[in-house]
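# Architecture and fold: a report
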Amino acid sequence: MTQRIDHLKQVPALTQKLMDLTFAAKKGTVEEAILGLVEMRASQLNGCAFCLDMHIKQAKIHGERELRIHHIAIWRESTLFNVRERAALEWTEALTKLAPHGVPDEIYNAVRAEFSEEETVYLTYMVMVINAWNRASIAFQSVPGSQDKAFGLDKANLS
């Protein structure tokens, strides 16, 4: 894969705005581990190699268990995720691959059973943000691992 455009550097003001939104979404009360699951699952669904690579490395650095990372793709069948994590993963899928008639009430009710109104908004914004990053990285063919040193991801020891 050859990167088409380095979108992170071409229009730094836009990149900074998206970074600011990302950091703002992560400052809510939703657990960092859940936000990591959201980033990895959306990136899987979108086929974003750059973001999936990055978020797996971040998860490893933050202590996520390797088997749970492998099980994200099969979270419905896995016993490794609790009810709150399952609600977040289902919400992520519903917002990443929007159905023709929007998000079904049962999915909304499941997320609301586990997350406060404020947390649901933070969670929703995190799904929105990772989908934006995925789309830019896919459009411009960002090369997985190419930013590891700049982002401190070499500490994951997965190269």
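Overview of the structure. (Residues numbered from 1 in each chain as written. Predicted model: local features only at pLDDT ≥ 70, side-chain atom pairs only at ≥ 80, totals over all residues. Heavy atoms only, no water.)

## Details of helix H8 (residues 117–139)
Definition in use: A run of DSSP states H or I qualifies as a helix once it reaches four residues; a run of E qualifies as a strand once it reaches two. Both are numbered from the N-terminal end. Multiplying 1.5 Å by the helix residue count minus one yields the expected span of that helix.
With 23 residues, H8 should cover 33 Å at 1.5 Å per step; its first-to-last C-alpha distance of 33 Å lies within 8% of that length. A positive backbone phi angle near 50° is found at Gln 141, which sits one or two residues after H8.

## Considering the state of the cysteines
Definition in use: Note on terminology: pairs of cysteine sulfur atoms within 2.5 Å are recorded as disulfides.
The final tally for this structure, using the stated rule, is 0 disulfides. Sulfur of Cys 48: no disulfide; nearest cysteine sulfur belongs to Cys 51 and is 3.4 Å away.

## Side note on the packing of helix H7 (residues 105–114) against H8
For the record, the criterion: Geometry is summarised by axes, namely lines fitted to C-alpha atoms with helices restricted to the contacting stretch, and by angles between N-to-C directions that run from 0 to 180 degrees. Any angle that is under 35 degrees is reported as roughly parallel, and any over 145 degrees as roughly antiparallel; angles of 65 to 115 degrees are reported as roughly perpendicular and all others as oblique. Crossing handedness is read from the near helix: turned anticlockwise from the far helix by less than a right angle, it gives a left-handed crossing, and turned clockwise, a right-handed one. Residues are treated as being in contact if the distance between any of their heavy atoms lies within 4.5 Å.
Between H7 and H8, the least distance of the axes is 8 Å, while the angle of their chain directions is 120°. By the angle class used here, H7 and H8 are oblique. Two packed elements cross with a definite hand, and for H7 against H8 that hand is right-handed. Of the residues in H8, those touching H7 at Val 111, Arg 112 and Glu 114 are Glu 117, Glu 119, Thr 120 and Leu 123.

## Re the side chain of Thr 120
The condition that has to hold: Exposure categories follow from relative accessible area, calculated using a 1.4 Å probe and restricted to protein chains: below 20% of the type maximum is buried, above 50% is exposed, and the middle band is partly exposed. We define a polar contact as two N or O atoms separated by no more than 3.5 Å, with the added condition that, inside protein, one atom must be a possible hydrogen donor and the other a possible acceptor, whereas residues neighbouring each other in sequence contribute only through side-chain atom pairs.
Structurally, the position occupied by Thr 120 is in helix H8. On the basis of relative accessible area, Thr 120 is assigned to the buried category, the value being 6%. Here Ser 116 takes part through its backbone oxygen, which lies 2.8 Å from a polar atom of the side chain of Thr 120.

## Digging into the environment of Thr 15
Tracing the chain through its elements places Thr 15 in helix H2 (residues 12–26). Among the residues examined, Thr 15 registers a relative accessible area of 13% and is labelled buried. Taking C-alpha positions, Thr 15 is 9.7 Å from Trp 133, a pair spaced 118 residues apart along the chain. Filtering out sequence-adjacent residues up to four positions away, Thr 15 remains in contact with His 7, Leu 8 and Trp 133.

## What to know about the packing of aromatic side chains
Rules: Paired rings are identified among Phe, Tyr and Trp, the last through its six-membered ring, by centres lying within 6.5 Å, and are further divided according to the angle between planes into stacked (under 30 degrees), edge-to-face (over 60) and tilted (the rest).
One pass over the full model with this rule turns up 1 aromatic pair. With a centroid separation of 6.1 Å and an interplanar angle of 55°, the aromatic rings of Trp 91 and Tyr 108 are classed as tilted. Of this pair, Trp 91 sits in helix H6 (residues 83–96) while Tyr 108 sits in helix H7, and the two are 17 residues apart along the sequence.

## So, the side chain of Ser 137
Structurally, Ser 137 can be placed in helix H8. By relative accessible area, which is 5% here, Ser 137 ends up buried.

## Remarks on the packing of helix H4 (residues 49–61) against H8
Quick reminder of the rule: Side-chain classes follow a simple rule in which Ala, Val, Leu, Ile, Met, Phe, Trp, Tyr, Cys and Pro form the nonpolar group, Asp, Glu, Lys and Arg form the charged group, and the remainder, Gly included, forms the polar group.
Where H4 meets H8, the closest approach of the two axes is 8 Å, and the angle between their N-to-C directions is 130°. In terms of orientation, H4 lies oblique with respect to H8. Taking contact as the criterion, the partners of Phe 50, Cys 51 and His 55 in H4 are, on H8, Ile 130, Trp 133, Asn 134 and Ser 137. When the residues that make up the contact of H4 with H8 are grouped by side-chain class, the tally is 4 nonpolar, 3 polar and no charged.

## What to know about H2
Helix length check: H2, at 15 residues, gives a terminal C-alpha distance of 21 Å against a target of 21 Å (1.5 Å per residue), a fit within 8%. Residues of H2 that are buried sit in contact with helix H1 (7–10), helix H3 (32–46) and H8.

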